[in-house]
Amino acid sequence: EARIDKKGRLIHSGMHYNFGQFLDRFYLSRVGVRVLIGQHIMLHHPQEGFIGIIQKECQPAQVCMHAVEDARRICEMSYGIAPEVELEGATDMALPYIPEHLHYIF
């Protein structure tokens, strides 16, 4: 059963929808499709040290520093100043991973 409330919004009594859950599924699906497409394309254009889009010896600290440099440039262009960032922990670690995803995470 549908009705219109005092503010003119359509209300449906049987509709209990979690929009956050919808967005989670949507973005997870989008990331999955991008990984599949990227992997397919890059398997046909091989690069040294990579299997498709997966870097065999990805160094998270190095990817993080690239992300820091990108953020620093944006901050300096927008605000004229950028904070100092210091990496701590296992900065020499390497693992097979997708560097582009790490860059977005950092």
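Shown above is the structure to which this text applies.
Residues numbered from 1 in each chain as written. Predicted model: local features only at pLDDT ≥ 70, side-chain atom pairs only at ≥ 80, totals over all residues. Heavy atoms only, no water.

Attention shifts here to the overall build of the chain. Per the secondary structure count, the chain includes three helices and five strands. Listing every helix and strand of the chain by position from the N terminus yields β-β-α-β-β-α-β-α. What you see for the chain is a C-alpha radius of gyration of 22 Å, clearly larger than the 13 Å of a compact globule of 106 residues, by over 25%. Overall size of the chain, expressed as C-alpha extent along the three principal axes, is 60 × 40 × 25 Å. When each of the 106 residues of the chain is scored for burial, the buried share is 15%. A separation of at least 24 residues holds for 54% of the contacts in the chain among residues at least 6 apart in sequence. (Helix = DSSP H or I, 4+ residues; strand = E, 2+ residues; numbered from the N terminus. Rg over C-alpha atoms; globule rule 2.2 N^0.38 Å. Buried < 20%, exposed > 50% of the residue type's maximum accessible area, 1.4 Å probe, protein only. Contact = heavy atoms within 4.5 Å.)

In this section: the sheet that holds strand E3 (residues 50-51). Think of a sheet as strands paired side by side through backbone hydrogen bonds, with each pair either parallel or antiparallel. Pairing is antiparallel in the open sheet, where three strands are placed in the order E3-E4-E5. Bordering the open sheet on either side are E3 and strand E5 (95-97), each of which pairs with just one other strand. Summarising the sheet, strand E4 (residues 54-58) and E5 pair through two bridges and their orientation is antiparallel. Each residue of the ladder has a partner; that of glutamine 55, found in E5, is tyrosine 97. (Pairing = 2+ DSSP bridges.)

Together, Phe19, Phe22, Phe26 and Tyr27 line one region of the surface with nonpolar side chains, adding up to about 430 Å² of accessible area. Positionally, phenylalanine 26 belongs in helix H1 (residues 19-43). Residue phenylalanine 26 is classed as partly exposed on the basis of its relative accessible area of 41%. (Patch = residues over 30% accessible without salt bridge, like charges linked within 9 Å, V, L, I, M, F, W, Y side chains within 5 Å. Areas by Shrake-Rupley, 256 points an atom, 1.4 Å probe, with all protein chains shown as cover. Salt bridge = Lys/Arg side-chain N within 4 Å of Asp/Glu carboxyl O.)

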